[in-house]
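# Chains, contacts and geometry: an overview
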Amino acid sequence: MDQSSAPKPIRCRAAVCRAGGEPLRIEEVVVAPPKAYEVRIKIICTSLCHSDVTIWSIKDPAGFPKIFGHEAVGVVESVGEHVEEVSVGDTVLPFCLAHCGDCADCRSVRSNVCTGVPLGLLDGVMPRDGTSRFTDASGAPVQHFLNVSSFSEYTVVDVTHVVKVAAAMPPEKACLFSCGVSTGVGAAWKAAAVEPKSTVAVFGLGSVGLAVAEGARLQGAGRIIGVDLNPDKFEIGKKFGITEFVNPKDIGERSVSEVIKEMTGGGADYCFECIGLASLMQDAFLSCRPGWGKTIILGLEMHLSPISINTVEILQGKSIIGSLLGGIKPKTDIPILMNRYLNKELHLDEFITHEVGFHDINKAFELLMAGKSLRCIIWMDR
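One structure accompanies this document, and this report is about it. Note that the structure is predicted; figures quoted are calculated from it, not measured. (Residues numbered from 1 in each chain as written. Predicted model: local features only at pLDDT ≥ 70, side-chain atom pairs only at ≥ 80, totals over all residues. Heavy atoms only, no water.)

## Brief notes about the overall build of the protein chain
This is how the line gets drawn: Secondary structure counts use DSSP, requiring at least four H or I residues in a row for a helix and at least two E residues in a row for a strand, with both numbered from the N terminus. Partly exposed residues are those whose accessible area sits between 20% and 50% of the maximum for their type, while under 20% is buried and over 50% is exposed, using a 1.4 Å probe and protein chains only. By definition in these notes, contact holds between two residues if any of their heavy atoms fall within 4.5 Å. Note on areas: Shrake-Rupley, 1.4 Å probe, and residue coverage restricted to the protein chains presented here. For this count, His and the chain ends are skipped, Lys and Arg are scored as positive, and Asp and Glu as negative. Think of each charge as sitting on NZ of Lys, CZ of Arg, CG of Asp or CD of Glu.
A tally of helices and strands in the protein chain yields 11 helices and 18 strands. A principal-axis box enclosing the C-alpha atoms of the protein chain has dimensions of 70 × 40 × 40 Å. Looking at the 382 residues of the protein chain, the share that counts as buried comes to 55%. Looking at the protein chain alone, contacts between residues at least 24 apart form 70% of all its contacts between residues at least 6 apart. Looking at the protein chain as shown, the accessible area adds up to about 15,800 Å², and 53% of this sits on carbon and sulfur atoms. Averaging the coordinates of the 37 positive side-chain charges in the protein chain and doing the same for the 44 negative ones gives two points 2 Å apart.

## Some points on the side chain of S287
Mapped onto the elements of the fold, S287 is located in helix α8 (residues 278-287). In contact with S287, not counting residues within four places along its chain, are F203, V256, S257, I260, G267, A268 and C271.

## Side note on the environment of C274
On the secondary structure map, C274 appears in the loop between β14 (270-273) and α8. Take C274: its relative accessible area is 15%, and that puts it in the buried class. Each C-alpha atom of the pair C274 and S108 lies 26 Å from the other, and the pair is 166 residues apart in sequence. Residues within four places of C274 in sequence aside, it is in contact with V202, F203, G204, V208, G209, V212 and L298.

## Here we look at the nonpolar core
Counted only if it meets this: Grouping buried Ala, Val, Leu, Ile, Met, Phe, Trp, Tyr and Cys residues that are joined through side-chain atoms within 4.5 Å yields what is termed a nonpolar core.
Ranked by size, the top nonpolar core spans 99 residues in total, and within it F151, F177, V200, F272, I334 and L348 carry the most contacts. Tallying contributions element by element places helix α5 (residues 207-219) first for this core, with 7 residues. In this structure F177 touches L93, F95, M169, S182, I334, L337, M338, Y341, L346 and L348, once residues within four positions along its chain are discounted. Ranked by size, the runner-up nonpolar core spans 15 residues in total, among them A201, V227, V259 and I260.

## Some thoughts on the packing of aromatic side chains
Put simply, the test is: For this analysis, a ring pair means two rings from Phe, Tyr or Trp (six-membered ring only for Trp) whose centres lie within 6.5 Å, classed as stacked if their planes differ by under 30 degrees, edge-to-face if by over 60, and tilted for the remaining angles.
Tallied over the full model, the rule gives 5 aromatic pairs. Measuring from ring centre to ring centre gives 6.3 Å for F64 and F68, while their planes differ by 55 degrees; the resulting arrangement is tilted. The same class applies to F64 as to F68, namely buried. Judged by centre distance (4.8 Å) and plane angle (65 degrees), the rings of F68 and F145 are edge-to-face. On the criterion of sequence distance, the pair formed by F68 in the loop between β4 (66-67) and β5 (71-79) and F145 in the loop between β8 (141-142) and β9 (154-158) is long-range, its members being 77 residues apart.

## Examining unusual backbone geometry
A cis amide bond links F64 to the next residue, P65, at an omega of 0 degrees. Structurally, P65 can be placed in the loop between α1 (50-56) and β4. In this structure, Y37 is a non-glycine residue whose phi angle is positive, near 65 degrees. Even without a glycine there, the phi angle at N147 is positive, about 65 degrees. For N147, the location among the structural elements is in the loop between β8 and β9. When its relative accessible area of 5% is taken as the criterion, N147 is described as buried.

## Quick notes on helix α4 (residues 180-191)
Here α4 lies mainly inside the structure; 10 of its 12 residues are buried. Among all positions of α4, only G180, V181, S182, T183, G184, V185, G186, A187, A188 and A191 are buried.

## A short note on the sheet that holds strand β12 (residues 223-227)
Our working rule: When DSSP finds two or more bridges between a pair of strands, those strands are recorded as paired. Note on method: axes are straight lines fitted to C-alpha atoms, helices fitted across the in-contact stretch only, with angles between N-to-C directions ranging 0 to 180 degrees.
With parallel pairing, 6 strands are arranged side by side in an open sheet as β13-β12-β11-β14-β15-β16. The sheet is open, and its two edges are formed by β13 (244-246) and β16 (319-322), each paired on a single side. Mean inter-strand twist for the sheet, computed between neighbouring axes without regard to direction, equals 20 degrees. Note that β12 and β13 share 3 bridges and pair parallel.

Structure below.
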């Protein structure tokens, strides 16, 4: 490449977290040019996910400073060597998971965890060379987050982590496919393969849980039971296919699993845990039907606690699995989901409850932690 036309470092604004649990600070950072197999993206808009909040709240000095954000849409500003599938000017979604298309996992229908590029979700560096593309005003490195770091006007992502966006997709809607909605819809579609007329129980009706309900609806589930402590979530959930609702505060001395077993005549065919609590994971497993009941865990346990499963339950034919990004293979499955939205099959608009400018990014944290928002779109140019 002619050095005169080679990408140069860019100075821009980023919302930097200096310590766990502290408000983000808008600072000037330097974003290095993309290296081989990398793409530098100008972020259009981003949104806040519970995974951001979970790691943000951990008081681990070794994990900071960091630029959070992993649900976003942007435009390719420059590319490194050997990048062929996207070009400058393309609108793309960045993803936390790679999809190289060549490794054994990418070629198999049984896995979406690419082994062609290191997973490195919480490593804080680029996956191929183990270094950061961000430096602060003093020249010190700033850590990446989940291979994306979209709380910056520009970011650098490995090409295996980007997917082109359909021209007809509004950016704020496309943004949702970068993590939460894909995780939920994908869990019902890919990870669980929910069967028509089956019974589904969804534990936790935040964005991911509601997306699971939407995915189960698209799969033709007969009954979709929502479990949540917030009574307002039933009306919201109806828009995404929730047919029945259980509030643990309203069932007296009975456990949630007892109630669901009674409602379903033995247990739900599929149970999805969408909060990230070990106790709730156990409740979900106890609520699924003996013989063929399947429990799908979608969230990182918020206290990093292990779960304990009674082997008597396992021996009855139940199963429990975990799923990253709902089993979605980004480069092949996300275009399918975008088309389903554009064809008015998949409900998406209702997930966006708030929008703020980049300077108000901490408001997005406040709204999510107070349970007042599903997805808050953060516009970089506002």
